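# Coordinates in review
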Amino acid sequence: MKRSVNYALYILPTLLLFLVVYAVPLVVLVGTSFCSWKTGGHLTFNGLGNYIQIIAHDDVFQAGLRNNVIWILLQATVNVAIGVIFALVLFRKPFYWKFARTVYMIPSIISSAAMGMLFVCVFNPEFGMVNNIVRLFNPTFNQNWFMSYDTAFATVTFTWLPYAGMVMLLILTEATSIDRSIIEAAIVDGADRLQLNLRIILPLLKNIIGTCVILESTSMLKKLDIIMLTTRGGPGSTTMNLPMFIYKTAMVENNFGLANTAGVLLTLLGCLTVLLINKIFSVGKEES
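Since the model is a prediction, treat every value here as computed from it, not as a measurement. The residue numbers shown here count from 1 along each chain, following its written sequence. Predicted model: local features are reported for residues with pLDDT of at least 70 only, side-chain atom pairs are reported and counted for 80 or more only, and whole-chain, interface and lining totals are derived from all residues. With hydrogens and water excluded, all non-hydrogen atoms of the structure serve as input to the side-chain values.

Scanning the protein from N- to C-terminus turns up 14 helices and two strands. Viewed in the frame of its principal axes, the protein has a C-alpha envelope of about 80 × 75 × 30 Å. Think of it in three bands: residues with accessible area under 20% of the maximum for their type are buried, residues over 50% are exposed, and the middle band is partly exposed, with areas taken using a 1.4 Å probe on protein chains only. Per-residue burial over the protein gives 39% buried out of 288 residues. We call two residues in contact whenever any of their non-hydrogen atoms come within 4.5 Å of each other. Long-range pairs, those at least 24 residues apart, make up 67% of the contacts in the protein with a sequence separation of at least 6. To measure how exposed things are, a 1.4 Å probe is used in the Shrake-Rupley method; for residues, cover is taken only from the protein chains shown. On the protein, roughly 16800 Å² of surface is accessible, and the fraction owed to carbon and sulfur atoms is 69%. Positive charges come from Lys and Arg alone, negative charges from Asp and Glu alone, with His and the N- and C-terminal ends not counted. One atom stands in for each charge, and that atom is NZ of Lys, CZ of Arg, CG of Asp or CD of Glu. Within the protein, the 14 negative side-chain charges are centred at a point lying 6 Å from the centre of the 19 positive side-chain charges. Under the DSSP-based scheme used, a helix requires at least four consecutive residues in state H or I and a strand at least two consecutive residues in state E, with every element numbered from the N terminus.

This is the structure we're talking about:
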């Protein structure tokens with residue numbers, strides 16, 4: 001009994017912090033999502049009105065949801081695949097592996113705001129590096145990468161998609177913990193490099209790859225700063241996502257009820273994403 005009381009006292013501060021910082025605000029978020037609530041006005045219950053409005057009639061929300069889903073899929077596949085490939089190459093410890101590991105981690109340790117400003121300069125239509133390189137071959141070239149309907153989405157995606165330093169580091173760390181006798185036995189049995197990677201190493205890394213897919217996918221549900229600094233969701237709704245939609249709805253339009261509705265839907269999208277990835281990768285389950 002005394003031990004149980006001690007355990008309860010140990011977790012009490014964390015439990016109280018969770019209730020104050022997460023649980024109570026989440027209840028308020030869900031509750032106010034069923035209300036009409038604008039600056040200077042009172043909360044008025046309107047049932048599913050907010051949900052019907054943004055899901056069925058709000059083109060900006062629909063564009064943000066579509067972009068979010070696309071970015072989640074790209075992050076879960078392309079970004080994680082790049083990190084895995086880098087990890088498998090560096091796992092063999094070529095002479096440059098420490099240098100390559102350090103350099104590839106640099107984008108991951110720079111703040112998103114700084115990365116956003118960096119790419120604003122790189123893709124600047126007047127003095128940006130990309131346009132200046134193209135002008136060496138086509139002097140009249142002038143492309144506004146972030147503000148063109150044709151290139152905005154791809155350009156914003158490029159600001160984070162190829163940089164999988166954290167994935168590479170997690171996969172590489174897990175790979176180094178694999179029992180060398182397993183790899184040596186496969187080599188003795190005649191496995192070539194491709195067979196070794198596909199049939200031995202990758203199956204042993206399934207759990208950590210699934211964890212990386214969860215981390216990278218859910219990071220797309222919080223992506224606001226780079227979009228804010230580069231396109232603000234434009235041109236039109238080309239690069240809109242749900243966090244940007246929530247910010248504009250709450251801070252610009254002062255429609256907090258509608259913004260909270262979008263926040264609830266964003267939370268549900270995150271939960272669904274995690275559940276699906278856990279189901280696909282069976283994260284945390286031991287192989288029988």
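Here the bond from Gly234 into Pro235 is cis, since omega is -10°, no more than 30 degrees from zero. Position of Pro235 among the secondary structure elements: in the loop between helix H12 (225–230) and helix H13 (242–252). Unusually for a residue other than glycine, Asn254 sits at a positive phi of about 60°. Turning to its location among the elements, Asn254 is positioned in the loop between H13 and helix H14 (256–281). Since its relative accessible area comes to 31%, Asn254 is described here as partly exposed.

With a 1 Å grid laid over protein atoms only, a set of points is called a cavity when a 1.4 Å probe fits there but cannot get out and a pocket when it is open yet has protein on both sides within 12 Å along at least five of seven lines; lining residues have an atom within 4 Å of a point. Grid points are joined across faces, edges and corners, and a volume is the space filled by probe spheres set on the points. By volume, the largest pocket is sized at about 440 Å³. Around the largest pocket, the lining comprises 21 residues; the ones closest to its centre are Pro107, Ser108, Tyr163, Glu216 and Lys223. Here the lining of the largest pocket is composed, by residue class, of eleven nonpolar, eight polar and two charged. The computed volume of the second largest pocket comes to approximately 350 Å³. Every residue lining the second largest pocket is counted, 13 residues in all, and those nearest its centre are Leu29, Ile246, Gly263, Leu266 and Thr267. Mapped onto the lining of the second largest pocket, the elements with two or more residues apiece are H13 and H14. For the lining of the second largest pocket, the element with the most residues is H14, which contributes seven residues. Three classes are used, and their members are as follows: Ala, Val, Leu, Ile, Met, Phe, Trp, Tyr, Cys and Pro are nonpolar, Asp, Glu, Lys and Arg are charged, and the others, Gly among them, are polar. Partitioning the lining of the second largest pocket into residue classes produces seven nonpolar, five polar and one charged.

Attention now goes to a positive patch on the surface. To count toward a patch, a residue needs a relative accessible area above 30% and no salt bridge. Like charges then connect within 9 Å, nonpolar side chains (Val, Leu, Ile, Met, Phe, Trp, Tyr) within 5 Å. When a carboxyl oxygen of Asp or Glu is within 4 Å of a side-chain nitrogen of Lys or Arg, the pair counts as a salt bridge. Together, Arg92, Lys93, Lys98, Arg180 and Arg193 line one region of the surface with positive charge. Along the chain, Lys93 turns up in the loop between helix H3 (59–91) and helix H4 (97–109).

A word on helix H5 (residues 112–122). For H5, every residue scored as buried is listed here: Met115, Gly116, Phe119 and Val122. Projected onto a plane normal to the axis of H5, the buried residues spread over an arc of 125° and lie on a single side. As for H5, its buried residues are in contact with H4, helix H6 (129–135), helix H7 (152–158) and H12. For this quantity, the arc is that covered by the directions from the helix axis to the C-beta atoms.

Think of a pair of aromatic rings as described by two things: how far the centres are apart, and how the planes are tilted against each other in angle. Two rings belonging to Phe, Tyr or Trp (six-membered ring only in the last case) form a pair when the distance between their centres is within 6.5 Å. Interplanar angles under 30 degrees mark stacking, angles over 60 mark edge-to-face geometry, and anything in between is tilted. Scanning the entire structure with this criterion turns up 16 aromatic pairs. For the ring pair Phe95 and Tyr96, a centre distance of 5.2 Å and an interplane angle of 90° mean the geometry is edge-to-face. Residue classification places Phe95 among the exposed residues on the basis of a relative accessible area of 82%. The rings of Phe119, Phe123, Phe141, Trp145, Phe146, Phe158 and Tyr163 are connected pair by pair, giving a single aromatic cluster.

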